[in-house]
Amino acid sequence: MGVQPPTDDTEEPTAIEFGIAALDAKLGEETIDYPATAREVREQAGHIEVPFDSAGHSMTVGEALEMATETRFDSEQELFNALHPPFERKREATSNSLLTQLRALVPF
């Protein structure tokens, strides 16, 4: 009987980004001039899919903007602050689903 030797892999496990952290990483690829309206952000980045939970469920920036109450953003931080609640609502709604609860019971 043999045992495989340990690998020399020193890389840290990859973290799964979702919500605002994932949005921040994806918006780095787009150029949005602030101040910006919701319409301008939608035209520039509305197509970007952003995961809102660790299971990989996602929605577009455009969908999040439709759920947001603000329509003008003076900075990227204001955009993130406005989009955080829609991402959280979607995450909570998905995590409360019966299918998600059943998946949590399975150990793999």
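Here the structure is shown first, and the text comes after it.
Scoring rules and cut-offs
Residues numbered from 1 in each chain as written. Predicted model: local features only at pLDDT ≥ 70, side-chain atom pairs only at ≥ 80, totals over all residues. Heavy atoms only, no water. Helix = DSSP H or I, 4+ residues; strand = E, 2+ residues; numbered from the N terminus. Buried < 20%, exposed > 50% of the residue type's maximum accessible area, 1.4 Å probe, protein only. Contact = heavy atoms within 4.5 Å. Salt bridge = Lys/Arg side-chain N within 4 Å of Asp/Glu carboxyl O. Core = buried A, V, L, I, M, F, W, Y, C linked by side-chain atoms within 4.5 Å. Arc of directions from axis to C-beta.

So, about the overall build of the protein chain. Secondary structure summary: the protein chain contains five helices and four strands in total. Across the protein chain, helices and strands are ordered from the amino to the carboxyl terminus as α-β-α-β-β-α-β-α-α. Per-residue burial for the protein chain yields a buried fraction of 29% across its 108 residues. Taking all contacts inside the protein chain whose residues are at least 6 apart in sequence as the whole, residues at least 24 apart take part in 53%.

Structurally, the position occupied by Phe73 is in strand β4 (residues 72-73). Considered as a pair, Phe73 and Val41 are 32 residues apart in the sequence and their alpha carbons are 9.1 Å apart. In contact with Phe73, not counting residues within four places along its chain, are Tyr34, Pro35, Ala36, Thr37, Ala38, Val41, Leu65, Glu78, Leu79 and Ala82.

A word on the pattern of salt bridges. A full pass over the atoms with the stated rule returns three salt bridges. Put simply, Glu43 and Arg39 hold a salt bridge, and the shortest N to O gap is 3.1 Å. With Glu43 and Arg39 both in helix α2 (residues 38-45), this residue pair falls four residues apart, about one helical turn. The exposed category is assigned to Glu43, whose relative accessible area is 57%. Between Arg91 and Glu88 there is a salt bridge; the shortest N-O distance is 2.7 Å. Here Glu88 and Arg91 lie together in helix α4 (residues 76-95), a separation of three residues that amounts to about one turn. Judged by its relative accessible area of 26%, Arg91 is partly exposed.

Here we take up the environment of Ile16. Locating Ile16 in the fold gives a position in the segment before α1 (20-27). Ile16 sits 40 residues away from Gly56 along the chain, and the two C-alpha atoms are 9.0 Å apart.

On to the nonpolar core, then. By size, the foremost hydrophobic cluster in this structure holds 23 residues, and its most contacted members are Leu23, Leu27, Val41, Val61, Leu65, Leu83 and Phe87. Elements supplying a minimum of two residues to this core: α1, α2, α3 (61-67) and α4. Of the residues forming this core, the biggest block, five residues, is contributed by α4. Apart from residues lying up to four places away in sequence, Val41 is in contact with Ile32, Ala36, Gly46, Val61, Leu65, Phe73 and Leu79.

The omega torsion of the bond from Tyr34 to Pro35 falls at 0°, within 30 degrees of zero and hence cis. Its location among the elements puts Pro35 in the loop between α1 and β1 (36-37).

Turning our eyes to something else, we now look at α1. Taken together, the buried positions of α1 are Ile20, Ala22, Leu23 and Leu27. Buried residues along α1 cover an arc of 155° about the axis, so they all sit on one side.

Bear in mind that shape data such as this cannot, by itself, settle questions of function.
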